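For reference, the chains in residue letters:
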Amino acid sequence: MAALFFIREGCIIATTCIMPLHIGRGRSVGKAIQSILDYVENTEKTDHGRLITCYGCNCQIADAEFLFSKQQYKRLTGREQKNDVIAYHFRQSFRPGEVMPEEANRIGVEFAERFLKGNNAFIVCTHIDRAHIHNHVIWNSITLDCTRKFRNFWGSTKAVRELSDLICLEHHLSIVENPQRRGRSYNKWLGDKAEPCHRDILRAAIDAALEKKPADFNALLELLRENGITVTRRGKSISLCAPGWKGAACLDSLRDGYTEADLTAVILGGKTHTPRKQPASVPPSKASLLIDIQAKLNEGKGAGYERWAKVFNLKQMAQTMNYLREHDGLDYDGLVQRADAASMRFNELSAQIKAAETRMAEISVLKTQLINYARTRKVFEEYKASRYSKKYFAEHEGDIILHRAAKKTFNEMGLKKLPAVKSLQTEYAALISEKKAAYAEYREAREEMKRLLVYRANAEQILGIGTCETEKKKEREQR
């Protein structure tokens with residue numbers, strides 16, 4: 001899956017073409033569809049499936065439905081699909097902090113409805129595992145009536161981009177103006193704000209260890225181990241791995257100034273070490289809950305898993321204790337208070353954002369009804385003057401229905417005086433700014449809450465808090 005990313009004024013938006021999804025070598029049609037859908041419908045990416053919307057199919061059995069439609073197409077038309085395209089894919093990304101997941105999903109559905117015109121079954125999956133929320137839209141290459149196929153056309157990239165931009169503008173979202181195919185990569189554009197890569201983290205750790213003036217190279221490696229770096233020596237090769245990273249990096253791959261020969265010369269005083277201009281700080285590894293090893297063994301896990309789990313639990317315990325130590329010797333009660341405060345702040349921001357979105361939705365509806373009311377007012381007055389003539393109603397039925405719907409909306413909202421469209425637009429713009437500011441803090445508050453709740457649960461398990469109650473509950477269940 002490929003996308004063309006363009007950057008403008010801090011805006012990160014993916015403008016994608018229509019991407020045909022092929023069967024691939026060694027895969028049947030059913031297996032290929034299943035593999036694609038398993039990725040886009042990943043529960044961790046879609047908030048446990050909450051951000052998945054389907055049209056004309058069931059997301060749980062969409063692979064079987066897509067496959068059945070192809071068989072029906074062959075039976076009804078007598079034609080067999082010559083190419084190996086099984087479905088089509090479109091990806092749509094949004095500027096970080098500008099849109100909530102639910103709104104992004106609705107925009108993806110609106111795009112699919114307007115582009116496909118209801119002819120093809122589609123699935124919209126909104127992924128929230130990245131800093132930028134993005135949609136994956138998958139649609140069946142066979143129409144719902146199984147008599148035609150979707151045909152990718154010349155200039156489809158421009159067509160989907162223009163429709164996506166139009167919908168984003170209608171929702172007051174950023175778009176990429178005058179996109180260029182070639183440009184800076186995402187990490188280069190981020191510059192100093194980019195997250196450090198594995199080798200940057202290792203270089204920063206080496207710089208910090210050299211400041212402590214180790215006596216020799218082995219002492220340097222020992223300092224790295226104390227800082228959480230895993231050091232592995234195999235013959236002449238030395239591998240390093242920072243906390244939170246799966247793979248290791250060879251020391252010599254850190255390049256000039258960080259090879260074993262360079263570092264040995266620096267320690268002996270034969271060379272001056274020049275750290276990177278802006279060394280990346282080592283980010284804390286992700287906090288995880290302690291593993292119930294005995295429960296896993298009862299499920300059939302082996303001795304290898306037990307050894308790994310013991311080491312994993314030790315690391316998580318150390319991380320929890322380090323957090324308490326770093327925060328002025330925070331005790332358990334202080335940790336509970338901090339976790340409760342983080343949860344409260346997260347809920348406040350969540351409620352604030354939801355309230356802003358609710359009001360924005362009301363404004364959108366109200367603005368549309370105000371425009372319809374003003375446009376059809378003259379027609380409705382003439383209809384009243386005709387004493388509600390059936391003939392006049394038949395000639396202007398559409399406008400009269402719109403006018404009545406607008407009045408009904410005003411009554412339901414309890415409006416005695418109609419607001420000006422301009423004032424609604426001003427309020428809408430203020431709400432967008434408020435939501436953007438709150439959403440940036442919302443993401444940080446959510447991560448802080450998750451981390452503190454994990455530390456709290458781990459501390460309770462380390463201290464044995466709640467263990468007695470759990471054992472009593474198990475005894476009652478066994479009785």
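As a reminder, the structure under discussion sits directly above these lines.
Residues numbered from 1 in each chain as written. Predicted model: local features only at pLDDT ≥ 70, side-chain atom pairs only at ≥ 80, totals over all residues. Heavy atoms only, no water.

A. Seen up close, the overall build of the protein chain. Scanning the protein chain for helices and strands turns up 15 helices and 10 strands. For the protein chain, buried positions account for 38% of its 479 residues. For the protein chain, the computed accessible surface area is about 28900 Å², with 51% contributed by carbon and sulfur atoms. (Helix = DSSP H or I, 4+ residues; strand = E, 2+ residues; numbered from the N terminus. Buried < 20%, exposed > 50% of the residue type's maximum accessible area, 1.4 Å probe, protein only. Areas by Shrake-Rupley, 256 points an atom, 1.4 Å probe, with all protein chains shown as cover.)

B. Representation of the packing of aromatic side chains in the model. Evaluation of the coordinates by the stated rule reveals 16 aromatic pairs. Taking the centre distance of 5.6 Å and the plane angle of 5° together, the rings of Phe-111 and Phe-115 count as stacked. With Phe-111 and Phe-115 both in helix 3 (residues 101-116) and four residues apart, this pair spans about one turn of that helix. Ring geometry for Tyr-383 versus Phe-393: centroids 5.9 Å apart, planes at 45°, classification tilted. Of the two residues, Tyr-383 sits in helix 11 (residues 332-385) while Phe-393 sits in helix 12 (residues 390-395), which places them 10 residues apart along the sequence. (Phe/Tyr/Trp six-rings, centres within 6.5 Å; stacked < 30°, edge-to-face > 60°.)

C. A look at helix 6 (residues 198-210). Between its terminal C-alpha atoms helix 6 stretches 19 Å, which fits the 18 Å expected from 13 residues at 1.5 Å a residue. Most of helix 6 sits inside the fold, with 10 of its 13 residues counted as buried. Packing partners of the buried residues in helix 6 comprise helix 7 (217-226), strand 9 (237-241), strand 10 (249-250) and helix 8 (260-267). (Expected span 1.5 Å × (residues − 1). Contact = heavy atoms within 4.5 Å.)

D. How the structure looks around the sheet that holds strand 8 (residues 230-234). Taken together, three strands build an open sheet; the order of strands is 8-9-10 and the sheet is antiparallel. Each edge of the sheet is formed by a strand with only one pairing partner; in this case those strands are strand 8 and strand 10. Across five bridges, strand 8 lies against strand 9 in antiparallel orientation. Opposite Val-231, over in strand 9, you have Leu-240 as the bridge partner. Helix 7 contacts strand 8 and strand 9 of the sheet and is inclined by roughly 140° relative to strand 8. (Pairing = 2+ DSSP bridges. Axes fitted to C-alpha atoms, helices over the stretch in contact; angles between N-to-C directions.)

E. Spatial organisation of the side chain of His-273. Mapping His-273 onto the fold places it in the loop between helix 8 and helix 9 (293-298). Of note is the side chain of His-273, whose polar atom sits 2.7 Å from the side chain of Asp-207. Discounting residues that sit within four places of it in the chain, His-273 has contacts with Asp-207, Leu-210, Gly-257, Tyr-258 and Val-266. (Polar contact = N/O pair within 3.5 Å; in protein donor to acceptor, adjacent residues only side chain to side chain.)

F. Expanded view of the pattern of salt bridges. As enumerated under the stated definition, the model contains 21 salt bridges in all. With a shortest N-O distance of 2.9 Å, Glu-170 and Arg-114 are connected by a salt bridge. Of this pair, Glu-170 sits in helix 4 (residues 156-170) while Arg-114 sits in helix 3, and the two are 56 residues apart along the sequence. Assessed through its relative accessible area of 42%, Glu-170 is described here as partly exposed. In this structure, the salt-bridge partner of Lys-310 is Glu-306, at a minimum N-O distance of 3.5 Å. Of this pair, Lys-310 and Glu-306 are both found in helix 10 (residues 303-326), four residues apart, which corresponds to roughly one turn of the helix. On the accessibility criterion, Lys-310 (45% relative accessible area) is partly exposed. (Salt bridge = Lys/Arg side-chain N within 4 Å of Asp/Glu carboxyl O.)

G. The pairing of strand 5 (residues 85-93), seen in detail. Here strand 5 lies mainly inside the structure; nine of its nine residues are buried. Across seven bridges, strand 5 lies against strand 7 (residues 134-143) in antiparallel orientation. Within the sheet, the bridge partner assigned to Gln-92 lies in strand 7 and is Asn-135.

H. Here's a closer look at unusual backbone geometry. Here Lys-213, not a glycine, exhibits a phi torsion of approximately 55°, which is positive. Mapped onto the elements of the fold, Lys-213 is located in the loop between helix 6 and helix 7. Looking at Lys-213, the relative accessible area reads 70%, which means it is exposed.

I. Quick peek at the side chain of Arg-203. Relative to the assigned elements, Arg-203 resides in helix 6. At 2.9 Å, the side chain of Arg-203 and the side chain of Asp-200 are in polar contact.

J. Spotlight on a nonpolar patch on the surface. Judged by side-chain polarity, Leu-314, Met-317, Met-321, Ile-462, Leu-463 and Ile-465 come together as a nonpolar surface patch covering roughly 520 Å² of accessible area. Those elements that place two or more of their residues in the nonpolar patch are helix 10 and helix 14 (421-463). In terms of residues, the nonpolar patch owes the most to one element, helix 10, which gives three residues. With respect to the secondary-structure elements, Ile-462 resides in helix 14. (Patch = residues over 30% accessible without salt bridge, like charges linked within 9 Å, V, L, I, M, F, W, Y side chains within 5 Å.)

K. Structural view of the packing of helix 6 against helix 7. Packing of helix 6 against helix 7 leaves a shortest axis separation of 9 Å and a crossing angle of 120°. Here the hand of the crossing between helix 6 and helix 7 comes out right-handed. From helix 6, Ala-205, Ile-206, Ala-209 and Leu-210 reach across to helix 7, where they touch Leu-220, Leu-223 and Leu-224. Of the residues that constitute the contact of helix 6 with helix 7, the class distribution is seven nonpolar, no polar and no charged. (Left-handed = near helix turned anticlockwise from the far one by under 90°. Nonpolar A, V, L, I, M, F, W, Y, C, P; charged D, E, K, R; others polar.)

Function cannot be inferred from these measures alone, as they are strictly geometric.
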